[in-house]
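# Summary of structural features
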Amino acid sequence: MIRHFYSASIPTFLKSPSEVIFGALSRNSGFADEVSQKEAWHQQIGILKDTLKEYDGTLFFEYSIPRMGRRIDVVLIIKNVIFILEFKVGESSFLSSALDQVFDYALDLKNFHETSHKHLIAPILIATKANDVIDLIEPTPHNDNILFPIRTNSSNLQDLFNKILLFAKGENIDCDFWQKGRYQPTPTIIEAAMALYSNHSVAEISRRDASAINLTETSNAVSRVIDDAKLNSTKAICFVTGVPGAGKTLVGLDIATKHLDKEQGTASVFLSGNGPLVSILREALTRDKVKRQKTKGIKITKGEAGREVKMFIQNVHTFRDEYLKDESAPFDHVAIFDEAQRAWDHQQTASFMRRKKNFPNFPMSEPQYLISCLDRHEDWAVIVCLVGGGQEINTGEAGISEWIDSINRAFPHWQVYISSKLTDSEYAAGEALNKLENKEKIFVKDEMHLAVSMRSFRAEHLSGLIKNLLDLNLREARKNYELIKEKYPIVLTRDLIKAKQWLKEKARGTERYGIVVSSQAQRLKPLAIDVRSPMDPIHWFLDGKEDVRSSYFLEDVATEFHVQGLELDWACVTWDADFRYSKEVWKTHSFVGDKWNNIVKDERKLYLKNAYRVLLTRARQGMVIVVPDGDINDATRDPSYYNDTFVYLESIGFEII
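Not measured: the values here are computed from a predicted model. (Residues numbered from 1 in each chain as written. Predicted model: local features only at pLDDT ≥ 70, side-chain atom pairs only at ≥ 80, totals over all residues. Heavy atoms only, no water.)

What follows is about the overall build of the protein chain. Within the protein chain one finds 23 helices and 22 strands. In terms of overall dimensions, the protein chain is globule-like: its C-alpha atoms have a radius of gyration of 27 Å, near the 26 Å expected for 657 residues. Seen through its principal axes, the protein chain has C-alpha atoms that stretch 80 × 70 × 40 Å. A total of 657 residues make up the protein chain; the buried ones form 58% of that total. For the protein chain, restricting intrachain contacts to residue pairs at least 6 apart in sequence, the fraction spanning at least 24 positions comes to 75%. Of the roughly 28,100 Å² of accessible surface on the protein chain, a fraction of 48% belongs to carbon and sulfur atoms. (Helix = DSSP H or I, 4+ residues; strand = E, 2+ residues; numbered from the N terminus. Rg over C-alpha atoms; globule rule 2.2 N^0.38 Å. Buried < 20%, exposed > 50% of the residue type's maximum accessible area, 1.4 Å probe, protein only. Contact = heavy atoms within 4.5 Å. Areas by Shrake-Rupley, 256 points an atom, 1.4 Å probe, with all protein chains shown as cover.)

In structure tokens form, the structure reads like this:
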């Protein structure tokens, strides 16, 4: 796949007329370029023709970074260095956001571009009208061959190249080989949603190495079911399973964006009961669409962009309420339910309908009702259930067996496509599957299971580590940690200030960091952490370093309800006395009034354990765990509530800071 608008060896570039180069850029850009973009290209071409006369190598204009939905102005390869050039034509100052931008590009190539891994990468920000500046040529402390971003103007660019080339070590880069390197990103769900919605394919924004199940295969398997249902006027339900972070939501978004063609009668909707996730994805897609249209010279209001996005991603409860009022078939023929195991059982649904909707004696569970809505179609319909194991964190969540029981009770004419792993104990669906009467309508598809976590490109074994940590399987947890510790740092401290400093030192560019805590962690207030203080997840996850409401400020904290299905690059997990280590079983507590009370119900114990599972699997690149010292003078924060937990975590091998 060609990922640039123009490329050439430096000698060829120097010999080519500027208008020929400009023409190639314009043809390949895919849209009518704004005057400012044309002028920027003209000036970049001129600057590089003046600067590169002494060098041999290759350059690439407008190099695509699909994960970020952006393009690098110029990638330049000379000898043993990959130069990332970001031009700010006509600018005289260096904005911090622009420095983060060029740093992000360098990190993306280092982390996700196969043939860039071992080479020195030099991110350079060029404000063409700036005064002379003297920036040190200095590698970051992460020991991964990336330089800190360097500021320069156009007149000093050649001198800067020479200094970096003198600094660089290692073998020269084969430009042809480099260009053929695979791009294997693992985007956050926010990045993935934006890329898919702007017509990138799931293949462009996902890893394709041998150790990961190809998401394209899963998406295509579901698409074949949809095509077959439409062709033969049948109804089908698909269960896509996967380990935490395997890409279930990514598959769901890919399916939804593939089937947005309302004119062809294949309209789809992505539904989630996760309110923060829906709000954040909608806002991210809306902001991104406005920005993308602006680059094409098209003016669109945020309201206009948002209305289209709201049809694509909906809260499952809003969808449910709409078809309580409207008894006709939904507009959409395809409905994708994210985290389907979290749908409500009959008791919870009936209680809600009675209290909130004035609908007494509601006869169905949420899964049965949602299937009934799609069953209103006279011709065809497809439901895709994205299923996680061990993720229930709310009272009344039915689990996946209720979907299957609903099919058995009321919709025997529906075809059922299941992953080969749905019978595993963690999905609690085996017994329900055995009860299905129409066995001939059950189809087992291996492609509908995603077996390898893609949440962290650095730590495929993280989910195993956290599982064993929470299962008190110390021996296996230690083994898991040995497998990841070189690439995925986990440190332990009793000092929140040290933890915050660690996050700031580790994060580079716009890598996002923040503090996450259990929703039951009510005695962290002396550390200025109040879980009951309102926070807006949209600002927390999407806004930049300058906004006090963002996660970067390390003031507001997110709970398991805010971060379920979302990710940070670096996380600080602050542990309270609600979940305390003991040798045989975790002690679970809730804070009521002025004291901690034991949690007795097994269901609530499991929810709390799963809450910590969510918190401990949010970070893509590494995390710091804070277990406070407590306070001997505060009965609600007795040091004994925390000490055993700290010692247990330390025994796994986590470094103490």
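Another point: the sheet that holds strand 19 (residues 587-592). Spatial ordering of the open sheet is given by 18-19-20, a layout of 3 strands whose pairing is antiparallel. Since the sheet does not close on itself, it has two edges, and those belong to strand 18 (579-580) and strand 20 (595-598), each with one partner. With 4 bridges joining them, strand 19 and strand 20 adopt antiparallel strand pairing. Directly across from His-589, in strand 20, lies its bridge partner Asn-598. (Pairing = 2+ DSSP bridges.)

As a further point, take the pairing of strand 2 (residues 58-65). With 8 of 8 residues buried, strand 2 lies mostly within the body of the structure. Note that strand 1 (residues 6-9) and strand 2 share 4 bridges and pair antiparallel. Bridge pairing in strand 2 links Ser-7 to Phe-60. Count of turn residues in the strand 2/strand 3 (residues 70-78) antiparallel hairpin: 4 residues, of which Gly-69 carries a positive phi of about 65 degrees.

On to helix 4 (residues 96-112). With 17 residues, helix 4 ought to run about 24 Å at 1.5 Å a step, and its terminal C-alpha atoms sit 24 Å apart, in line with that. Counting buried residues in helix 4 gives 14 out of 17 residues, a clear majority hidden from the surface. (Expected span 1.5 Å × (residues − 1).)

In terms of burial, strand 21 (residues 619-626) is largely enclosed, as 8 of its 8 residues are buried. With 4 bridges connecting them, strand 15 (residues 490-493) and strand 21 associate as parallel partners. Across the sheet, residue Val-491 finds its bridge partner in strand 21, namely Val-624. In the sheet, strand 17 (residues 568-574) pairs with strand 21 via 6 bridges, with the strands oriented parallel. Pairing of Val-573 across the sheet is with Ile-625, part of strand 21.

We now examine the pattern of salt bridges. Inspection of every chain in the model, using the stated rule, returns 28 salt bridges. One salt-bridge network, in which partners are shared between bridges, spans Glu-283, Arg-287, Lys-302, Asp-543, Asp-547 and Arg-549. (Salt bridge = Lys/Arg side-chain N within 4 Å of Asp/Glu carboxyl O.)

All right, on to the packing of aromatic side chains then. This structure, assessed with the given rule, holds 28 aromatic pairs. The interplanar angle of 50 degrees and the centroid separation of 5.3 Å between the aromatic rings of Phe-337 and Trp-403 together place this pair among those described as tilted. Here the residue Phe-337 occupies a position in strand 10 (residues 334-338), and Trp-403 occupies one in helix 15 (residues 401-410), the gap between them amounting to 66 residues. Here Trp-403 falls in the buried class, since its relative accessible area comes to 1%. Relative to Tyr-552, the ring of Tyr-513 lies with its centre 5.3 Å away and its plane at 80 degrees, an arrangement referred to as edge-to-face. Here Tyr-552 lies in the loop between helix 20 (537-542) and helix 21 (560-563) and Tyr-513 lies in strand 16 (residues 513-517), a separation of 39 residues in the sequence. When sorted by exposure, Tyr-513 lands in the same class as Tyr-552, which is buried. In this structure an aromatic cluster arises from ring pairing among Trp-575, Phe-579, Tyr-581, Trp-586, Tyr-612 and Tyr-648. For the cation-ring pair, Arg-151 lies above Phe-94, with the distance from its terminal atom to the ring centre recorded as 5.6 Å. Over the ring of Tyr-552 we find Lys-545, and its NZ or CZ is 5.9 Å from the ring centre. (Phe/Tyr/Trp six-rings, centres within 6.5 Å; stacked < 30°, edge-to-face > 60°. Lys NZ or Arg CZ within 6 Å of the ring centre and 35° of its normal.)

Note: most residues except glycine have negative phi, and most peptide bonds are trans. Phi angles above zero are rare outside glycine, and Asn-361 is one such case at about 55 degrees. Secondary-structure assignment places Asn-361 in the loop between helix 13 (346-356) and helix 14 (366-375). Of the residues examined, Asn-361 reaches a relative accessible area of 72% and is grouped as exposed.

Here we take up the confidence of the model for the protein chain. Confidence in the prediction for the protein chain averages 87 pLDDT; 90% of positions are at 70 or higher. Element-level mean pLDDT values for the protein chain span from 67 in helix 16 (residues 430-435) up to 98 in strand 15. Contacts for the low-pLDDT stretch residues 209-213, under 50 throughout, to residues beyond four places or in other chains number 11 contacts. (pLDDT = per-residue confidence, 0-100.)

This brings us to the side chain of Ser-372. Within the element layout of this structure, Ser-372 appears in helix 14. Beyond its immediate sequence surroundings of up to four residues, Ser-372 is in contact with Met-364 and Phe-411.

In this section: the environment of Lys-296. One can find Lys-296 in the loop between helix 10 (275-295) and helix 11 (302-312). Owing to a relative accessible area of 35%, Lys-296 belongs among the partly exposed residues under this scheme. Lys-296 sits 267 residues away from Ser-29 along the chain, and the two C-alpha atoms are 10.0 Å apart.

Within the secondary structure, Ser-419 sits in strand 12 (residues 415-419). Separated by 2.5 Å, the side chains of Ser-419 and Thr-241 make a polar contact. For Ser-419, the residues in contact, after removing those within four places along its chain, are Phe-239, Thr-241, Val-444, Lys-445, Met-448 and His-449. (Polar contact = N/O pair within 3.5 Å; in protein donor to acceptor, adjacent residues only side chain to side chain.)

Attention shifts here to the sheet that holds strand 4 (residues 81-88). As summarised here, the arrangement of the 6 strands in space is 1-2-3-4-5-6, forming an open sheet in which the pairing is mixed. At either margin of the open sheet sits one strand with a lone partner, and together these are strand 1 and strand 6 (150-152). Taking the axes of each pair of neighbouring strands and ignoring which way they run, one obtains an average angle of 30 degrees across the sheet. Strand direction decides the pairing type here: strand 5 (residues 120-127) and strand 6, joined by 3 bridges, are parallel. Each residue of the ladder has a partner; that of Leu-125, found in strand 6, is Arg-151. Its contacts with the sheet place helix 5 (residues 157-167) against strand 3, strand 4, strand 5 and strand 6, and it is angled at close to 165 degrees to strand 5. (Axes fitted to C-alpha atoms, helices over the stretch in contact; angles between N-to-C directions.)

Turning our attention to the environment of Ala-558. The topology assignment puts Ala-558 in the loop between helix 20 and helix 21. C-alpha separation for the pair Ala-558 and Arg-523, spaced 35 residues apart in sequence, amounts to 15 Å. Among residues more than four places away in sequence, those in contact with Ala-558 are Ile-515, Val-516, Val-517, Met-535, Trp-540 and Val-563.

Taken N-terminus to C-terminus, the directions of helix 7 (residues 189-197) and helix 10 make an angle of 45 degrees; their axes are 9 Å apart at the nearest point. Regarding the angle of helix 7 to helix 10, the classification is oblique. Regarding helix 7 and helix 10, the two cross each other, and that crossing is right-handed. For the pair helix 7 and helix 10, contact is made by Ile-189, Ile-190, Ala-193, Met-194 and Tyr-197 and by Leu-277, Ile-280, Leu-281, Ala-284, Leu-285, Asp-288, Lys-289 and Arg-292, respectively. Grouping the amino acids of the contact of helix 7 with helix 10 by side-chain chemistry returns 10 nonpolar, no polar and 3 charged. (Parallel < 35°, antiparallel > 145°, perpendicular 65-115°, else oblique. Left-handed = near helix turned anticlockwise from the far one by under 90°. Nonpolar A, V, L, I, M, F, W, Y, C, P; charged D, E, K, R; others polar.)

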